[in-house]
Amino acid sequence: MKKLLTLFVSILVLGTTAVPVHAEPAPAIVVIDEIDAVGRQRGAGMGGGHDEREQTLNQMLSEMDGFETSEGIVILAATNRPDVLDPALLRPGRFDRQIVVPLPEFEERAAILRVHSRDKRMGPDVDLDTMAKGTPGMSGADLANLVNEAALFAVRRASAQIERIDFESARDRIMMGARRDSLILSAEEKRVTAYHEGGHALVGVHVPLRDKLNKVTIIPRGGAGGYAQFLPENDAAMLKRKEQWKAELAMAYGGRIAEEFIYGPEQVTAGAISDIQMATQQARVMIERLGFSERLGLRAFGADQSDSMFGSMTKNYSDDYAKIIDEEVELLLKTAEDTARQIISDNLDGLQRLKEALIEYETLSREEVEAVLRGEELNRESRRVEPTRRDHD
């Protein structure tokens, strides 16, 4: 491993030294991708000043100082970790201009989808604008992968064109993982999963979430036995109000609370393990980072950030504050649990109808969930959104 690292760094040093020579005649543009691989802050490694990577960085800095503004040579570097770069790289005369490339917004995602769909045959029910609205947070590479995955699903269906169901299946695969067709659920397992996911959906439509319910399903994907999918209606990801943060906590507890109401506290399953973990982590962020505690005020808490590769092992607050933080986190989670419990208690009939609909159709859209909760009958041409497996009692 040591020899491999030495060879790799030697090539980098040679390439860095040779850049001005091969860049002639000017003007020229030199692009260095993943600059953080050799440009990390010095002193953060185990080797100290003799680390091979630091020698490469020193050589790069030395070569960059040799450029004159009149030479017509522009050096560009790319990284997704600007926070770990050595300050010497960012000084005037070096990489002193930073261009942030954000994730594409709705119109940009729609344009990217059109570019990658130009050479593919699309069905009449495919609306790329609608698909762009349902893919917030995806990068250009993610969207290209989405179109390719949709094409693969169309091929598996022996279809001559890509249809909406192929895009939906591709998005589910990217976001939630591959569908586990080999997992055969018994009738009782389906009922438990339907109650659990129905609880998430039920609470989700009754609290002021920023991300609205897109669909709920009991089809296993990735590591989940089912899931309730919530997607933002716009790209204003940072504009999430305090009540919406709290609503997410209540929605996360909906599955476990639904199980408790139906089967009792001693008969619940471990299906809420990720929900509880997410809620606990989010509650701690709300108290420690976002200033959502009146007792603690507008102050950030947490471990000190260190330049060391291992980070800091010390806290920037006392044990007294740690106790208050724990109490505030517990209060947030208890309030969310009580909210979910009240909603499910008031809508037990709706939960039963959701369970029956999920067992019958396996996947419900937001509109169908709302219709079921209103007591309306679902009228579908197809009994299920996706092909199902044979039941085994």
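Everything numeric in this text was worked out from a predicted model, so none of it was measured. (Residues numbered from 1 in each chain as written. Predicted model: local features only at pLDDT ≥ 70, side-chain atom pairs only at ≥ 80, totals over all residues. Heavy atoms only, no water.)

(A) Structural context of helix H11 (residues 319-346). In this model, H11 (28 residues) spans 41 Å end to end at C-alpha, consistent with the 40 Å of a helix rising 1.5 Å per residue. Among the residues making up H11, those that are buried are Ala 322, Ile 325, Glu 328, Val 329, Leu 332, Leu 333, Ala 336, Ala 340, Ile 343 and Ile 344. Elements in contact with the buried residues of H11: helix H8 (187-204), helix H9 (242-263), helix H10 (273-288) and helix H12 (348-361). (Helix = DSSP H or I, 4+ residues; strand = E, 2+ residues; numbered from the N terminus. Expected span 1.5 Å × (residues − 1). Buried < 20%, exposed > 50% of the residue type's maximum accessible area, 1.4 Å probe, protein only. Contact = heavy atoms within 4.5 Å.)

(B) Broad picture of the packing of aromatic side chains. A full pass over the atoms with the stated rule returns four aromatic pairs. Ring geometry for Phe 301 and Tyr 317: centres 5.6 Å apart, planes at 80°, overall edge-to-face. On the criterion of sequence distance, the pair formed by Phe 301 in the loop between H10 and H11 and Tyr 317 in the loop between H10 and H11 is long-range, its members being 16 residues apart. Tyr 317 gets classed as buried once you look at its relative accessible area, which sits at 16%. The interplanar angle of 45° and the centroid separation of 5.4 Å between the aromatic rings of Phe 301 and Tyr 321 together place this pair among those described as tilted. With Phe 301 in the loop between H10 and H11 and Tyr 321 in helix H11, this residue pair connects regions lying 20 residues apart in the sequence. Here Tyr 321 falls in the partly exposed class, since its relative accessible area comes to 32%. Three or more aromatic residues link up through ring pairs in this structure, and these residues are Phe 301, Tyr 317 and Tyr 321. Positioned above the aromatic ring of Phe 153, the side-chain terminus of Arg 156 is 5.1 Å from the ring centre. Across from the ring centre of Tyr 321, 4.6 Å away, lies the NZ or CZ of Arg 299, which sits over that ring. (Phe/Tyr/Trp six-rings, centres within 6.5 Å; stacked < 30°, edge-to-face > 60°. Lys NZ or Arg CZ within 6 Å of the ring centre and 35° of its normal.)

(C) The pattern of salt bridges, seen in detail. This model, assessed by the stated rule, comprises 23 salt bridges. The structure contains a network of salt bridges with shared partners spanning Arg 157, Glu 163 and Asp 166. (Salt bridge = Lys/Arg side-chain N within 4 Å of Asp/Glu carboxyl O.)

(D) Focus on a nonpolar patch on the surface. Together, Ile 29, Val 31, Val 74 and Leu 76 give the surface a local cluster of nonpolar side chains, amounting to about 380 Å² of exposed area. Those elements giving two or more residues to the nonpolar patch turn out to be strand E1 (28-32) and strand E2 (73-77). Along the chain, Val 31 falls in strand E1. Given a relative accessible area of 59%, Val 31 falls into the exposed group. (Patch = residues over 30% accessible without salt bridge, like charges linked within 9 Å, V, L, I, M, F, W, Y side chains within 5 Å. Areas by Shrake-Rupley, 256 points an atom, 1.4 Å probe, with all protein chains shown as cover.)

(E) Main features of the sheet that holds strand E5 (residues 363-365). Read from one edge of the open sheet, three strands run E4-E3-E5, paired in antiparallel fashion. The open sheet has two edge strands with one neighbour each: strand E4 (227-232) and E5. Averaged over all pairs of adjacent strands, the angle between strand axes in this sheet comes to 25°, irrespective of strand direction. Strand direction decides the pairing type here: strand E3 (residues 211-217) and E4, joined by six bridges, are antiparallel. Looking at the pairing, Asp 211 lines up with Pro 232 of E4. Relative to the sheet, helix H7 (residues 164-176) contacts E3 and E4, its axis offset from that of E4 by approximately 100°. (Pairing = 2+ DSSP bridges. Axes fitted to C-alpha atoms, helices over the stretch in contact; angles between N-to-C directions.)

(F) Looking closely at the nonpolar core. Of all hydrophobic cores here, the largest spans 48 residues; its most connected members are Val 203, Leu 364 and Val 369. Looking at this core, the elements with two or more residues in it are H8, E3, E4, H9, H10, H11, H12 and helix H13 (366-373). By size, the runner-up hydrophobic cluster in this structure holds 17 residues, among which are Val 126, Met 131, Leu 143 and Phe 167. (Core = buried A, V, L, I, M, F, W, Y, C linked by side-chain atoms within 4.5 Å.)

(G) Representation of the environment of Ala 357 in the model. Locating Ala 357 in the fold gives a position in helix H12. For the pair Ala 357 and Glu 377, spaced 20 residues apart in sequence, the C-alpha separation works out to 9.4 Å. Excluding residues within four positions of it along the chain, Ala 357 makes contact with Glu 362, Leu 364 and Val 372.

(H) Spatial organisation of the environment of Ala 283. Looking at the element boundaries, Ala 283 is found in helix H10. Relative accessible area serves as the criterion here: at 0%, Ala 283 is assigned to the buried category.

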